[in-house]
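Architecture at a glance
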Amino acid sequence: MEQQQILHPGANVYGADGAKVGTMQTYGGSYIVVEKGFFFPKDYYIPISEITESTDDAVYLSVTKDEALHQGWDQVPSNSTTTGESMETSDRMAATQTTGYQDQESLRVPVHEEHLEASKHMANAGEVTINKHVVTDQETIEVPVTEERVRVDWREPTGDMTDDGVAFEEGSIDIPISREEVDVSKRKVQTGEVEVTKERQQRTQKVTGDVRREVVDVDDPTGKATENKKSKQRAR
């Protein structure tokens, strides 16, 4: 861009996609020097013509972060003169080695792990069948019955003379007799009932499963990185 930009060292530099590119350390006549940060200590020399807007604490570019990092702007321009408000790159790097990073950034790496969660649902565990069948038993009862019998009693004669005209006559006399006979019938009697009840009983069941967790390993061939031992502990 040809218009004059108001630049402030220490301002955050953002790409057109809103992603942070780094922090502006200094600026020259045609470029700004952007240091990416503590974890990626490489300077980028971004042309001022790529700046679309700038404020006291932010600078916005016309290209995305990925495009800014792959334009070859990590090489020092041939006209690497800077204004009086900035220092030469070599001097700034030397000062950084002596005093440490002036604007250190931290990168948070989320670490995850899995835990088991149990849920319950009703499932068919089978069925119970109740059957009724008929069993025949023999039952004996005692029933009092009445029957008639004929009893013949002989009585002594009185000795009186009779003249009824009946003498020495043969014949028979039928005397009907009766008796009670037992008629057998059946009646149904309820002797009880069976009550079927379903009950729920609670028990404890152990559930085992494989879970995953993320472990952070630091590969530092320089031997200069420090690792907090607490980071190795599993978060609960």
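1. Focus: the overall build of the protein chain
- A tally of helices and strands in the protein chain yields two helices and six strands.
- Ordering the α and β elements of the protein chain from the N terminus gives β-β-β-β-β-β-α-α.
- Residues counted as buried form 17% of the 236 residues belonging to the protein chain.
- Within the protein chain, counting contacts between residues at least 6 apart in sequence, those at least 24 apart form 62% of the total.
- Total accessible area on the protein chain is roughly 22,100 Å²; 48% of this is exposed by carbon and sulfur atoms.

2. Some details on the pairing of strand β4 (residues 43-47)
- Most of β4 is tucked away: four of the five residues are buried.
- By the bridge criterion, five bridges tie strand β3 (residues 31-35) to β4 in an arrangement that is antiparallel. The partner of V34 across the bridge, within β4, is Y44.

3. Structural notes on the sheet that holds β4
- Overall, mixed pairing links the six strands, which are arranged β4-β3-β2-β1-β6-β5 in an open sheet. Of all the strands in the sheet, the pair left with one neighbour each is β4 and β5 (51-54). Between one strand axis and the next, the sheet turns by 35 degrees as a mean value, whatever way the strands run.
- As paired elements, strand β1 (residues 12-14) and strand β2 (residues 20-27) share three bridges and run antiparallel to each other. Bridge pairing in β2 places N12 opposite T23.

4. A closer look at a nonpolar patch on the surface
- Judged by side-chain polarity, I141, V143, V145, V182 and V184 come together as a nonpolar surface patch covering roughly 480 Å² of accessible area.
- With respect to the secondary-structure elements, V184 resides in the segment after α2 (89-99).
- A residue is classified by how much of its surface remains accessible, and V184, at 76% relative accessible area, is exposed.

5. A short note on the confidence of the model for the protein chain
- When pLDDT is averaged along the protein chain, the result is 78; 75% of the residues meet or exceed 70.
- When the criterion is pLDDT under 50, residues 81-103 qualifies, and its contacts beyond four places in sequence or with other chains add up to 32 contacts.

6. Details of the layout of surface pockets
- Its volume calculated, the largest pocket comes out at about 1,200 Å³.
- Lining the largest pocket are 23 residues, and of these M122, A123, A125, R200 and Q201 lie nearest its centre.

7. Observations concerning the pattern of salt bridges
- Scanning all chains against the criterion turns up four salt bridges.
- In this structure, E114 engages R212 in a salt bridge whose closest nitrogen and oxygen atoms are separated by 2.7 Å. With E114 in the segment after α2 and R212 in the segment after α2, this residue pair connects regions lying 98 residues apart in the sequence.
- Overall, E114 belongs to the partly exposed group, its relative accessible area being 29%.
- Overall, R212 belongs to the exposed group, its relative accessible area being 61%.
- Across the pair R149 and E147 runs a salt bridge whose closest N-O atoms are separated by 3.5 Å.
- Assessed through its relative accessible area of 44%, E147 is described here as partly exposed.

Thresholds applied
- Residues numbered from 1 in each chain as written.
- Predicted model: local features only at pLDDT ≥ 70, side-chain atom pairs only at ≥ 80, totals over all residues.
- Heavy atoms only, no water.
- Helix = DSSP H or I, 4+ residues; strand = E, 2+ residues; numbered from the N terminus.
- Buried < 20%, exposed > 50% of the residue type's maximum accessible area, 1.4 Å probe, protein only.
- Contact = heavy atoms within 4.5 Å.
- Areas by Shrake-Rupley, 256 points an atom, 1.4 Å probe, with all protein chains shown as cover.
- Pairing = 2+ DSSP bridges.
- Axes fitted to C-alpha atoms, helices over the stretch in contact; angles between N-to-C directions.
- Patch = residues over 30% accessible without salt bridge, like charges linked within 9 Å, V, L, I, M, F, W, Y side chains within 5 Å.
- Salt bridge = Lys/Arg side-chain N within 4 Å of Asp/Glu carboxyl O.
- pLDDT = per-residue confidence, 0-100.
- 1 Å grid on protein atoms, 1.4 Å probe; cavity = no way out; pocket = protein on both sides within 12 Å on 5 of 7 lines; lining within 4 Å.
- Points joined across faces, edges and corners; volume = space filled by probe spheres on them.

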